[in-house]
Amino acid sequence: MSGWRPGDRRPDRASMLRVDQAGEYGATRIYAGQLAVLRRNCPEAKLVARMAAQEQRHLNRFNTLMAERRVRPTALQPLWNVAGFALGAATALMSEKAAFACTEAVETEIDKHYSEQLAQLGDDDPELAADIAAFQADELEHRDAAREGGATQAVGYPVLAAAIRAGCRAAIELSKRI
(Lines give C-alpha, C1' and ligand atoms only; values in the text may rest on other atoms or scores of the structure.)
Protein backbone atom coordinates (compact mmCIF):
# COMPACT_ATOMS: atom_id res chain seq x y z
CA MET A 1 0.00 0.00 0.00
CA SER A 2 1.22 3.45 -0.74
CA GLY A 3 0.81 6.51 1.39
CA TRP A 4 -0.39 9.97 0.56
CA ARG A 5 0.63 11.50 -2.80
CA PRO A 6 0.21 15.07 -4.04
CA GLY A 7 -3.37 15.56 -5.19
CA ASP A 8 -4.72 12.89 -2.82
CA ARG A 9 -6.99 13.81 0.05
CA ARG A 10 -5.27 13.22 3.33
CA PRO A 11 -6.98 10.69 5.58
CA ASP A 12 -8.97 12.37 8.34
CA ARG A 13 -7.58 10.39 11.26
CA ALA A 14 -9.63 12.29 13.85
CA SER A 15 -12.82 11.37 12.02
CA MET A 16 -11.62 7.77 11.72
CA LEU A 17 -10.95 7.52 15.44
CA ARG A 18 -14.25 9.20 16.31
CA VAL A 19 -16.32 6.82 14.20
CA ASP A 20 -14.35 3.73 15.21
CA GLN A 21 -14.67 4.52 18.90
CA ALA A 22 -18.40 5.15 18.43
CA GLY A 23 -18.78 1.86 16.57
CA GLU A 24 -17.01 -0.14 19.24
CA TYR A 25 -19.07 1.61 21.90
CA GLY A 26 -22.24 0.76 19.97
CA ALA A 27 -21.12 -2.87 19.69
CA THR A 28 -20.62 -3.13 23.45
CA ARG A 29 -24.14 -1.76 23.93
CA ILE A 30 -25.66 -4.20 21.38
CA TYR A 31 -24.05 -7.12 23.19
CA ALA A 32 -25.16 -5.76 26.56
CA GLY A 33 -28.74 -5.70 25.26
CA GLN A 34 -28.44 -9.24 23.97
CA LEU A 35 -26.94 -10.51 27.22
CA ALA A 36 -29.74 -8.86 29.20
CA VAL A 37 -32.24 -11.05 27.32
CA LEU A 38 -30.48 -14.31 26.49
CA ARG A 39 -30.56 -17.14 29.01
CA ARG A 40 -27.43 -16.77 31.11
CA ASN A 41 -25.79 -20.16 30.49
CA CYS A 42 -27.01 -20.92 26.98
CA PRO A 43 -24.27 -21.46 24.36
CA GLU A 44 -25.34 -18.33 22.48
CA ALA A 45 -24.92 -16.14 25.58
CA LYS A 46 -21.45 -17.57 26.21
CA LEU A 47 -20.43 -16.73 22.64
CA VAL A 48 -21.93 -13.25 22.87
CA ALA A 49 -20.11 -12.64 26.16
CA ARG A 50 -16.80 -13.61 24.53
CA MET A 51 -17.44 -11.28 21.59
CA ALA A 52 -18.49 -8.50 23.98
CA ALA A 53 -15.18 -8.80 25.83
CA GLN A 54 -13.28 -8.39 22.55
CA GLU A 55 -15.38 -5.33 21.64
CA GLN A 56 -14.61 -3.84 25.06
CA ARG A 57 -10.90 -4.34 24.39
CA HIS A 58 -11.28 -2.56 21.03
CA LEU A 59 -13.20 0.28 22.70
CA ASN A 60 -10.52 0.65 25.38
CA ARG A 61 -7.83 0.93 22.71
CA PHE A 62 -9.74 3.56 20.72
CA ASN A 63 -10.42 5.49 23.95
CA THR A 64 -6.67 5.54 24.60
CA LEU A 65 -5.84 6.66 21.05
CA MET A 66 -8.47 9.39 21.22
CA ALA A 67 -7.04 10.72 24.48
CA GLU A 68 -3.46 10.59 23.17
CA ARG A 69 -4.41 12.32 19.92
CA ARG A 70 -6.89 14.72 21.49
CA VAL A 71 -9.87 13.63 19.41
CA ARG A 72 -13.33 14.39 20.72
CA PRO A 73 -15.92 11.59 20.81
CA THR A 74 -19.10 11.83 18.80
CA ALA A 75 -21.83 13.96 20.34
CA LEU A 76 -24.19 11.11 19.41
CA GLN A 77 -22.79 8.73 22.03
CA PRO A 78 -25.92 8.98 24.25
CA LEU A 79 -28.02 7.98 21.24
CA TRP A 80 -25.74 5.03 20.42
CA ASN A 81 -25.99 3.96 24.07
CA VAL A 82 -29.77 3.62 23.90
CA ALA A 83 -30.04 2.52 20.26
CA GLY A 84 -27.35 -0.14 20.62
CA PHE A 85 -28.86 -1.66 23.75
CA ALA A 86 -32.36 -1.56 22.22
CA LEU A 87 -31.18 -3.23 19.02
CA GLY A 88 -29.40 -5.96 20.95
CA ALA A 89 -32.32 -6.60 23.28
CA ALA A 90 -34.90 -6.53 20.47
CA THR A 91 -33.03 -9.01 18.30
CA ALA A 92 -32.38 -11.34 21.26
CA LEU A 93 -36.09 -11.17 22.17
CA MET A 94 -36.90 -12.28 18.62
CA SER A 95 -34.62 -15.34 18.87
CA GLU A 96 -31.02 -16.40 19.31
CA LYS A 97 -30.74 -16.63 15.51
CA ALA A 98 -32.03 -13.07 15.16
CA ALA A 99 -29.40 -11.93 17.69
CA PHE A 100 -26.79 -13.61 15.51
CA ALA A 101 -28.33 -12.02 12.40
CA CYS A 102 -27.75 -8.66 14.09
CA THR A 103 -24.11 -9.51 14.74
CA GLU A 104 -23.65 -10.81 11.20
CA ALA A 105 -25.14 -7.66 9.66
CA VAL A 106 -23.17 -5.27 11.86
CA GLU A 107 -19.86 -7.06 11.35
CA THR A 108 -20.38 -7.23 7.57
CA GLU A 109 -20.66 -3.43 7.48
CA ILE A 110 -17.75 -2.96 9.88
CA ASP A 111 -15.53 -5.17 7.72
CA LYS A 112 -16.34 -2.95 4.73
CA HIS A 113 -15.78 0.19 6.79
CA TYR A 114 -12.42 -0.97 8.18
CA SER A 115 -11.27 -2.03 4.67
CA GLU A 116 -12.04 1.47 3.38
CA GLN A 117 -10.14 3.05 6.26
CA LEU A 118 -7.11 0.82 5.71
CA ALA A 119 -7.07 1.76 2.02
CA GLN A 120 -7.27 5.47 2.92
CA LEU A 121 -4.47 5.20 5.48
CA GLY A 122 -2.09 3.21 3.30
CA ASP A 123 1.17 3.26 5.23
CA ASP A 124 0.54 6.81 6.48
CA ASP A 125 -0.25 5.83 10.12
CA PRO A 126 1.13 2.36 10.89
CA GLU A 127 -0.05 2.39 14.53
CA LEU A 128 -3.69 3.11 13.68
CA ALA A 129 -3.61 0.80 10.65
CA ALA A 130 -2.28 -2.09 12.78
CA ASP A 131 -5.05 -1.62 15.35
CA ILE A 132 -7.73 -1.43 12.66
CA ALA A 133 -6.41 -4.54 10.89
CA ALA A 134 -6.28 -6.52 14.14
CA PHE A 135 -9.78 -5.45 15.14
CA GLN A 136 -11.08 -6.20 11.64
CA ALA A 137 -9.85 -9.79 12.05
CA ASP A 138 -11.82 -10.07 15.31
CA GLU A 139 -14.94 -8.62 13.64
CA LEU A 140 -14.68 -11.19 10.84
CA GLU A 141 -14.47 -13.95 13.46
CA HIS A 142 -17.64 -12.56 15.05
CA ARG A 143 -19.40 -12.46 11.68
CA ASP A 144 -18.39 -16.03 10.88
CA ALA A 145 -19.42 -17.29 14.33
CA ALA A 146 -22.80 -15.62 13.91
CA ARG A 147 -23.27 -17.30 10.54
CA GLU A 148 -22.31 -20.66 12.05
CA GLY A 149 -24.83 -19.97 14.83
CA GLY A 150 -27.66 -19.71 12.30
CA ALA A 151 -27.84 -15.97 11.55
CA THR A 152 -29.12 -16.53 8.02
CA GLN A 153 -31.86 -18.86 9.32
CA ALA A 154 -33.48 -16.13 11.43
CA VAL A 155 -37.07 -15.37 10.53
CA GLY A 156 -37.08 -12.42 8.15
CA TYR A 157 -33.30 -12.52 7.81
CA PRO A 158 -33.04 -10.61 4.50
CA VAL A 159 -35.16 -7.70 5.76
CA LEU A 160 -33.63 -7.71 9.25
CA ALA A 161 -30.05 -7.80 7.94
CA ALA A 162 -30.71 -5.11 5.33
CA ALA A 163 -32.28 -2.80 7.91
CA ILE A 164 -29.44 -3.28 10.39
CA ARG A 165 -26.79 -2.78 7.71
CA ALA A 166 -28.49 0.44 6.55
CA GLY A 167 -28.61 1.64 10.17
CA CYS A 168 -24.90 0.91 10.55
CA ARG A 169 -24.04 2.87 7.42
CA ALA A 170 -26.08 5.83 8.68
CA ALA A 171 -24.46 5.64 12.13
CA ILE A 172 -21.00 5.58 10.54
CA GLU A 173 -21.68 8.66 8.43
CA LEU A 174 -23.23 10.59 11.32
CA SER A 175 -20.50 9.68 13.81
CA LYS A 176 -17.76 10.88 11.47
CA ARG A 177 -19.19 14.38 11.53
CA ILE A 178 -21.14 14.99 14.71
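Residues numbered from 1 in each chain as written. Predicted model: local features only at pLDDT ≥ 70, side-chain atom pairs only at ≥ 80, totals over all residues. Heavy atoms only, no water.

Observations regarding the side chain of Glu 104
- Structurally, Glu 104 is set in helix H4 (residues 96–121).
- At a separation of 2.7 Å, a polar atom in the side chain of Glu 104 contacts the side chain of Tyr 157.
- When neighbours within four sequence positions are excluded, Glu 104 is seen to be in contact with Arg 143, Ala 146, Arg 147, Ala 151 and Tyr 157. (Helix = DSSP H or I, 4+ residues; strand = E, 2+ residues; numbered from the N terminus. Polar contact = N/O pair within 3.5 Å; in protein donor to acceptor, adjacent residues only side chain to side chain. Contact = heavy atoms within 4.5 Å.)

Notes on helix H2 (residues 43–69)
- In this model H2 runs 39 Å from its N-terminal to its C-terminal C-alpha over 27 residues, within 8% of the 39 Å that 1.5 Å per residue would give.
- All buried positions along H2 are accounted for by Ala 45, Leu 47, Val 48, Met 51, Ala 52, Gln 54, Glu 55, His 58, Leu 59, Phe 62, Leu 65 and Met 66.
- Positive phi appears at Arg 70, one or two residues downstream of H2, with a value of about 55°. (Expected span 1.5 Å × (residues − 1). Buried < 20%, exposed > 50% of the residue type's maximum accessible area, 1.4 Å probe, protein only.)

Overview of the packing of H4 against helix H6 (residues 157–177)
- It is at 9 Å that the axes of H4 and H6 come closest, and there the two elements cross at 45°. Classified by the angle between their axes, H4 and H6 sit oblique to one another. Both H4 and H6 take part in a crossing whose hand is right-handed. Together, Ala 98, Ala 101, Cys 102, Glu 104, Ala 105, Val 106, Thr 108, Glu 109, Ile 110, Lys 112 and His 113 of H4 and Tyr 157, Leu 160, Ala 161, Ile 164, Arg 165, Cys 168, Arg 169, Ile 172 and Lys 176 of H6 make up the contact between the two elements.
- The residue makeup of the contact of H4 with H6, split by class, is twelve nonpolar, two polar and six charged. (Axes fitted to C-alpha atoms, helices over the stretch in contact; angles between N-to-C directions. Parallel < 35°, antiparallel > 145°, perpendicular 65-115°, else oblique. Left-handed = near helix turned anticlockwise from the far one by under 90°. Nonpolar A, V, L, I, M, F, W, Y, C, P; charged D, E, K, R; others polar.)

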